[in-house]
Amino acid sequence: CSSDLPFLDSWIAKRENDKERSSLLALFNKYTTAEVMYDVRTKFKRIIPISVMNMIKSLCYILEGILDVHYPGKKAGAMETPQEKALFELHFVHAAVWAFGGACLVDKQRNSRKEFSDFWKATFGLYPKSKELTVFDYYPDPETSEMIEWTNKVAPYEPVEGLDTKMITKAFVPTVETVRIMSLM
């Protein structure tokens, strides 16, 4: 896919580490083939139309955020152990899932997010076998280098002592959705 998109070639070239560039190029070639991108573009209904170029740009920008957060001061592509390489790939896949499927429509007639999830699981694997959970219900765990459920990351609610009932709007109860969205921001 990269030879068709000058933006992607430029973005990869701007990465500082040779191993990181090589790893990213290999992952883009694996997960953004012409066939995959055709299916991603045509099979799933979206909230708004999104071009392949915008999906690729979104993937790059999400990756920048992930690499800065999970590999601060360390070049992500310089990972040496199989576990570190697997985790790097999972971070890439996580970013790709959100860049390519995050805008899929869910309404009364159709659940394109579920359709996208089924497609992604069937095409690439990497996710636990579950009919109920989608690829959007998982994130890469740095401890195990596996995809685990967001529910594991939701902290239990702890009431704020002394919170006046008139100040109930100041209470925050974390949910899977708020944790997931905060991690992407």
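This text follows the structure it describes.
A brief structural summary. (Residues numbered from 1 in each chain as written. Predicted model: local features only at pLDDT ≥ 70, side-chain atom pairs only at ≥ 80, totals over all residues. Heavy atoms only, no water.)

**Examining the overall build of the chain**
Alright, step 1. Looking only at helices and strands, one finds 7 helices and 2 strands in the chain.
Alright, step 2. Its helices and strands taken in sequence order, the chain reads α-α-α-α-α-α-β-β-α from the N to the C terminus.
Alright, step 3. Looking at the chain as a whole, 39% of its 185 residues are labelled buried.
Alright, step 4. Partitioning the contacts of the chain with sequence separation of at least 6, the portion at a separation of at least 24 is 59%.
Alright, step 5. Summed over its atoms, the accessible surface of the chain is roughly 10900 Å², and 56% of this surface lies on carbon and sulfur atoms. (Helix = DSSP H or I, 4+ residues; strand = E, 2+ residues; numbered from the N terminus. Buried < 20%, exposed > 50% of the residue type's maximum accessible area, 1.4 Å probe, protein only. Contact = heavy atoms within 4.5 Å. Areas by Shrake-Rupley, 256 points an atom, 1.4 Å probe, with all protein chains shown as cover.)

**A look at the nonpolar core**
Alright, step 1. Counting 42 residues, the largest nonpolar core has Phe28, Leu59, Val97, Phe100, Phe116 and Trp120 as the members making the most contacts within it.
Alright, step 2. Mapped by element, the contributors of at least two residues to this core are α1 (6-14), α2 (18-31), α3 (34-42), α4 (52-70), α5 (82-101) and α6 (112-124).
Alright, step 3. Examining the composition of this core, we find that 11 residues originate from one element, α5, more than from any other.
Alright, step 4. Beyond its immediate sequence surroundings of up to four residues, Phe116 is in contact with Val40, Phe44, Val97, Phe100, Gly101, Cys104, Val135 and Phe136. (Core = buried A, V, L, I, M, F, W, Y, C linked by side-chain atoms within 4.5 Å.)

**Let's talk about the environment of Phe88**
Alright, step 1. The residue Phe88 is located in helix α5 in this model.
Alright, step 2. Considered as a pair, Phe88 and Ile66 are 22 residues apart in the sequence and their alpha carbons are 9.9 Å apart.

**Focus: the pairing of strand β2 (residues 146-149)**
Alright, step 1. By the bridge criterion, 4 bridges tie strand β1 (residues 138-141) to β2 in an arrangement that is antiparallel. Considered in β2, the bridge of Pro140 is made with Met147.
Alright, step 2. Turn length for the β1-β2 hairpin, with the two strands adjacent in sequence and antiparallel, is 4 residues, and the turn residue Ser145 shows positive phi of about 55°. (Pairing = 2+ DSSP bridges.)

**Digging into the side chain of Lys121**
Alright, step 1. With respect to the helices, strands and loops of the structure, Lys121 is situated in helix α6.
Alright, step 2. Comment: no salt bridge for buried Lys121; closest opposite-charge side chain is Asp118, at 5.3 Å.
Alright, step 3. At 2.9 Å, the side chain of Lys121 forms a polar contact with the backbone oxygen of Ser130.
Alright, step 4. Ignoring anything within four residues of it in the chain, the contact list for Lys121 reads Tyr127, Pro128, Ser130, Leu133, Thr134 and Val135. (Lys, Arg positive; Asp, Glu negative; His and termini not counted. Salt bridge = Lys/Arg side-chain N within 4 Å of Asp/Glu carboxyl O. Polar contact = N/O pair within 3.5 Å; in protein donor to acceptor, adjacent residues only side chain to side chain.)

**Section: the pattern of salt bridges**
Alright, step 1. Enumeration according to the criterion identifies 6 salt bridges in this entry.
Alright, step 2. Of the charged contacts in the structure, one is a salt bridge between Glu115 and Arg110, with a shortest N-O distance of 2.9 Å.
Alright, step 3. Judged by relative accessible area, which is 31%, Glu115 ranks as partly exposed.
Alright, step 4. When its relative accessible area of 30% is taken as the criterion, Arg110 is described as partly exposed.

**Points about α5**
Alright, step 1. When the terminal C-alpha atoms of α5 are compared, their 28 Å separation across 20 residues agrees well with the 28 Å that a helix rising 1.5 Å per residue should span.
Alright, step 2. Among the 20 residues that make up α5, 15 are buried, leaving the element largely enclosed by the rest of the structure. (Expected span 1.5 Å × (residues − 1).)

**Overview of the packing of aromatic side chains**
Alright, step 1. Per the stated rule, a full pass over the model turns up 15 aromatic pairs.
Alright, step 2. Look at Tyr31 and Phe92: their rings are 5.8 Å apart centre to centre, the planes differ by 35°, and that puts the pair in the tilted class. Here the residue Tyr31 occupies a position in helix α2, and Phe92 occupies one in helix α5, the gap between them amounting to 61 residues. An identical accessibility class is assigned to Tyr31 and Phe92; each is buried.
Alright, step 3. Members of the aromatic cluster, joined through ring pairs, are Trp11, Phe28, Tyr31, Phe44, Phe92, Trp98, Phe100, Phe116, Phe119, Trp120, Phe124 and Phe136.
Alright, step 4. Sitting over the ring of Phe7, Lys57 keeps its end group 5.4 Å from the ring centre.
Alright, step 5. The cationic tip of Arg113 hangs over the ring face of Phe136; the distance from NZ or CZ to the ring centre is 4.7 Å. (Phe/Tyr/Trp six-rings, centres within 6.5 Å; stacked < 30°, edge-to-face > 60°. Lys NZ or Arg CZ within 6 Å of the ring centre and 35° of its normal.)

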